[in-house]
Amino acid sequence: MAKFDSKTWNPNVFEKYRKKVPSTKENTLIKNGLFDAKPNMTARLRDEVGGNYFTEPIKGLIDGQVLNYDGVVNMEATSRDTFEQGKIIIGRMKAWQEKDFSSELTGEDFMPMAEEVNEYYEAVDQADILAILKGIFAMTDKGANFVENHTYEVNGELDAVAMNKAIQKASGDKKKHFKIAFMHSLPATNLENLNLLEYLKYTDANGITRDLNLATWNGKLVVIDDDMPVLEGYDEATAETVGALKVVSSGATTGQVNLADVKKANFYPSNVTAENYVTSATKYVSYVLGEKFFEYDNVGVKHPNEMGRDAKTNGGIDILYTRQRKLFAPKWISFTKKAMASNSPTTEELANGQNWEVVNNGKSGGEKKYVNHKMIPLARIISRG
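Since we're looking at a predicted model, the values are computed, not measured.

Colleague: For this particular structure, what's the right way to read the packing of aromatic side chains?
Modeller: Remark: the centre distance and the inter-plane angle together describe each pair of aromatic rings, the angle taken between the planes. Overall, the coordinates contain eleven aromatic pairs when judged by the stated rule. Between phenylalanine 35 and phenylalanine 328 the ring centres are 5.7 Å apart and the planes differ by 45°, which places this aromatic pair in the tilted class. Taken together, the residues phenylalanine 35 in strand S1 (residues 35-37) and phenylalanine 328 in strand S16 (residues 317-330) connect sequence positions 293 residues apart. Given the relative accessible area of 3%, phenylalanine 328 is considered buried. Ring pairing ties together the aromatic residues Phe35, Phe293, Phe294, Tyr296 and Phe328, which thus form one cluster. Sitting over the ring of tyrosine 53, lysine 337 keeps its end group 4.3 Å from the ring centre.

Shown next, in the form of C-alpha cells:
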C-alpha cells in the first residue's frame, strides 16, 4: 500500500485489504478445528444489557436412576437441569505514529502495513487464548473436580505416550475429540529429537518454502510458543539429589530451609511439608484441546482502523488507530466477571482463576450441579522438558 496520508487514506479499503491478507496462524487454527465460528454474536449482544457480556442457557442431559419395573415400585419423575454459561467479548486496541520528519529524513515509511497489523493482532489473540487456558487451570471453584482430573504430570521429559495418557485421564472414552496442542519450544524440541514432531511448511507468494511454528504430534496440531507457562520451584522427583535443600520445621542450617519460608515462596506444588526436599525445578506446561474448543467470533467495532493527524507535535505526525472486539468462549467453561474491573477483561484478568468456573446450573450448596468434567476436551501436561 502507498505511503499513509491522512487526507487520502481510506479506512474501508485498508480493512478490506487486511481481510484479504492471508492470516497464516489464525487460518490454520480454524482449519484444524480449534475455533467454532459463531458469526451471529453481534446480533445477540444487541439484546443484552451492556453489550459486552451475556449468559447463555444450556439444556442439560436427561439423567436420574432407572427404576425396577416389577408392578410394585412407583415411578418417580425427575426434570432435567438447565445450565448457564457466561461469555465475554474481549476488546483490544493499539495505535502507531510516524513523524513527517522521520520519513522525509530517511525516505522510509515507518507506518505498519496491513500484513504487519494482522501479525500483531495474531500475537495479541494468542496471548489472550493462553491467558484463558491459564485462568481455567487456576479456577478456585473445586466442585467440578476439573483441575486435578485434567492435569497430567510427567516425571521427566515428554515422551511418546504422555499425550495419550493425559487425554485419557481427562476425558476417558471421549479422548478422540482432542485435536490441537500448545507447548513451549523446549519440550517441542525434545519431541522433535525423538522423531515424534513434524513441522508444517508454508510457501509464500514468491515460492519460498519455510517451516512454520506449527507441527503435528500423534496426529494433533501443535502450536509452539515460548509464552507458554513455565513453573519454577519445588520438585519432589529430585528429592535428596545434589543441590537440594531439606525442608525443616524450624532452625534451618546449611543445606536446609525453614518450612515457613517455603510457604512464602512460589513453589510447585504448594503443599510442601517438613522433611521434603526443595530444589530448582523448571517445569513446562503444555495444553491439549479438543475440536472446536473455543466458540469464536470477530464481533467487530464501529471504526476498526482510522488515521489521525497531529499537525503541531514535532512538526507533524500521522497516527494509525486500530481496534478489535473478539469472542473466545471455551467449551463448557463459564466466565464469571468476579474479578474484572471494566467492560473488557485484561490479559491478566483472563488468567485469573476467579473469573472462570465449570458450567453449572447457577444454584448454590448441595443443589449446585456441574456438567460432567469429561465433556470438557482440555488437558494440561506438566513436564521437565
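So, next bit.
Colleague: Which parts of the structure should I look at to understand helix H8 (residues 185-193)?
Modeller: Residues that lie three or four places apart on an α-helix share one face, since the helix turns once every 3.6 residues. What H8 keeps buried is the set Pro187, Ala188, Asn190 and Leu191. Mapping the buried residues of H8 onto a view down its axis gives an arc of 160°, with all of them on the same face. Note on H8: the residue one or two positions beyond its end, asparagine 195, has a positive phi of about 60°.

Colleague: Explain the pairing of strand S8 (residues 220-224) to me, please; I cannot follow it from the model alone.
Modeller: Walk down a regular strand and you will see the side chains alternate between the two sheet faces. In terms of burial, S8 is a largely internal element, five of the five residues being buried. Taking every second residue as pointing to the same face, both faces of S8 are buried, with Lys220, Val222 and Ile224 on one and Leu221 and Val223 on the other. Strand direction decides the pairing type here: strand S5 (residues 178-183) and S8, joined by four bridges, are parallel. Bridge pairing in S8 links phenylalanine 182 to valine 223.

Colleague: Explain the nonpolar core here, please?
Modeller: Taken as a class, soluble globular proteins show a tendency for nonpolar side chains to be buried jointly. With 43 residues, the main nonpolar core has Leu133, Ile136, Phe146, Leu289, Phe293, Phe294 and Leu378 as its most contacted residues. With six residues, the top contributor of residues to this core is helix H5 (residues 114-136). Those residues in contact with phenylalanine 294 that lie beyond four places of it in its chain are Leu34, Phe35, Asp36, Ile129, Ile132, Leu133, Leu289, Phe328, Ala329 and Pro330. Counting 20 residues, the second largest nonpolar core, distinct from the first, contains Leu158, Met163, Phe178 and Ile381.

Colleague: Sorry if this is basic, but what is going on with the pattern of salt bridges here?
Modeller: Charged atoms that come close allow side chains of opposite charge to pair. In the structure shown here, the tally under the stated rule is eleven salt bridges. With a shortest N-O distance of 2.7 Å, aspartate 125 and lysine 326 are connected by a salt bridge. With a gap of 201 residues between them, aspartate 125 in helix H5 and lysine 326 in strand S16 connect regions that are remote in the sequence. Taking relative accessible area as the criterion, lysine 326 reaches 6% and is therefore assigned buried. One salt bridge connects aspartate 141 with lysine 368, and the closest N-O pair in it is separated by 3.0 Å. Of this pair, aspartate 141 sits in the loop between H5 and helix H6 (146-149) while lysine 368 sits in the loop between strand S18 (356-358) and strand S19 (378-383); the two residues are 227 residues apart in sequence, bridging distant segments of the chain.

The rules behind each value
- Residues numbered from 1 in each chain as written.
- Predicted model: local features only at pLDDT ≥ 70, side-chain atom pairs only at ≥ 80, totals over all residues.
- Heavy atoms only, no water.
- Phe/Tyr/Trp six-rings, centres within 6.5 Å; stacked < 30°, edge-to-face > 60°.
- Helix = DSSP H or I, 4+ residues; strand = E, 2+ residues; numbered from the N terminus.
- Buried < 20%, exposed > 50% of the residue type's maximum accessible area, 1.4 Å probe, protein only.
- Lys NZ or Arg CZ within 6 Å of the ring centre and 35° of its normal.
- Arc of directions from axis to C-beta.
- Pairing = 2+ DSSP bridges.
- Core = buried A, V, L, I, M, F, W, Y, C linked by side-chain atoms within 4.5 Å.
- Contact = heavy atoms within 4.5 Å.
- Salt bridge = Lys/Arg side-chain N within 4 Å of Asp/Glu carboxyl O.

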